[in-house]
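Listed below are the residues making up each chain.
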Amino acid sequence: MSAQREHGWGAMPLPEIRTVDDLRSALSRYGFPGDRERFEEELAAAIGASPTDDFERAAAVVRAYRHRVQIRNSPEIMAALEEAHTGGGSA
């Protein structure tokens, strides 16, 4: 049996992520365990540390977590992560 079926990593419909609220919903449903909580912490810290006219740090956090949802939705990437985790990818 493949790692995808064993762990339920088959293709999931990728949600449309246009807003921070969309991202929050996607992280809750499609993210890795703990992603939503870490996102909220990192976003709050980035906003708190940002100058009032530059939210690039917050935007970077949003981009990074949006990418995590995309990774979680990729059966190929998840299979490669599983292979690396089980030692199948070591030399």
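What comes next is a walk through the structure. Model, not experiment: these values are computed from the prediction.

With respect to the overall build of the chain
Across its full length, the chain carries 5 helices and 0 strands. Expressed as a percentage of the 91 residues in the chain, the buried residues total 25%. A total accessible area of about 6,100 Å² is found for the chain, and carbon and sulfur atoms account for 53% of it.

Details of the nonpolar core
Counting residues in hydrophobic clusters, the biggest one holds 12 residues: Ile17, Leu23, Ala26, Leu27, Tyr30, Phe39, Leu43, Ala46, Ala58, Val61, Tyr65 and Val69. For this core, the secondary structure elements donating two or more residues are α2 (20-30), α3 (35-49) and α4 (56-72). Discounting chain neighbours no more than four positions away, the residues touching Tyr65 are Leu23, Leu27, Asp35, Arg38, Phe39 and Glu42.

Here we look at α4
The first and last C-alpha atoms of α4 sit 24 Å apart over 17 residues, in line with the 24 Å expected at 1.5 Å per residue. Among all positions of α4, only Ala58, Val61, Tyr65, Val69 and Arg72 are buried. Viewed end-on, α4 has its buried residues packed into an arc of 80°, placing them on one side of the element. At its buried positions, α4 is contacted by α2, α3 and α5 (75-85).

Focus: the packing of α2 against α4
Remark: α2 packs on α4, axes separated minimally by 10 Å, with the N-to-C direction vectors making an angle of 40°. Taken as axis vectors, α2 and α4 run oblique relative to one another. For the element pair α2 and α4, the recorded crossing hand is left-handed. Of the residues in α4, those in contact with Val20, Leu23, Ala26, Leu27 and Tyr30 of α2 are Val62, Tyr65, Arg66, Val69 and Arg72. Of the residues that constitute the contact of α2 with α4, the class distribution is 8 nonpolar, no polar and 2 charged.

Comments concerning the pattern of salt bridges
Opposite charge on two side chains allows them to pair when their charged atoms are near. Across all of its chains, the model carries 7 salt bridges by this definition. The residue Arg36 makes a salt bridge to Glu40 at a minimum N-O spacing of 3.0 Å. Residue Arg36 and its partner Glu40 are both found in helix α3; the two are separated by 4 residues, about one turn of the helix. The partly exposed category is assigned to Arg36, whose relative accessible area is 28%. For Glu40, a relative accessible area of 26% translates into the label partly exposed. Look at the salt bridges and you will find they share partners, linking Asp21, Arg24, Arg36 and Glu40 into a network.

Calculation notes
Residues numbered from 1 in each chain as written. Predicted model: local features only at pLDDT ≥ 70, side-chain atom pairs only at ≥ 80, totals over all residues. Heavy atoms only, no water. Helix = DSSP H or I, 4+ residues; strand = E, 2+ residues; numbered from the N terminus. Buried < 20%, exposed > 50% of the residue type's maximum accessible area, 1.4 Å probe, protein only. Areas by Shrake-Rupley, 256 points an atom, 1.4 Å probe, with all protein chains shown as cover. Core = buried A, V, L, I, M, F, W, Y, C linked by side-chain atoms within 4.5 Å. Contact = heavy atoms within 4.5 Å. Expected span 1.5 Å × (residues − 1). Arc of directions from axis to C-beta. Axes fitted to C-alpha atoms, helices over the stretch in contact; angles between N-to-C directions. Parallel < 35°, antiparallel > 145°, perpendicular 65-115°, else oblique. Left-handed = near helix turned anticlockwise from the far one by under 90°. Nonpolar A, V, L, I, M, F, W, Y, C, P; charged D, E, K, R; others polar. Salt bridge = Lys/Arg side-chain N within 4 Å of Asp/Glu carboxyl O.

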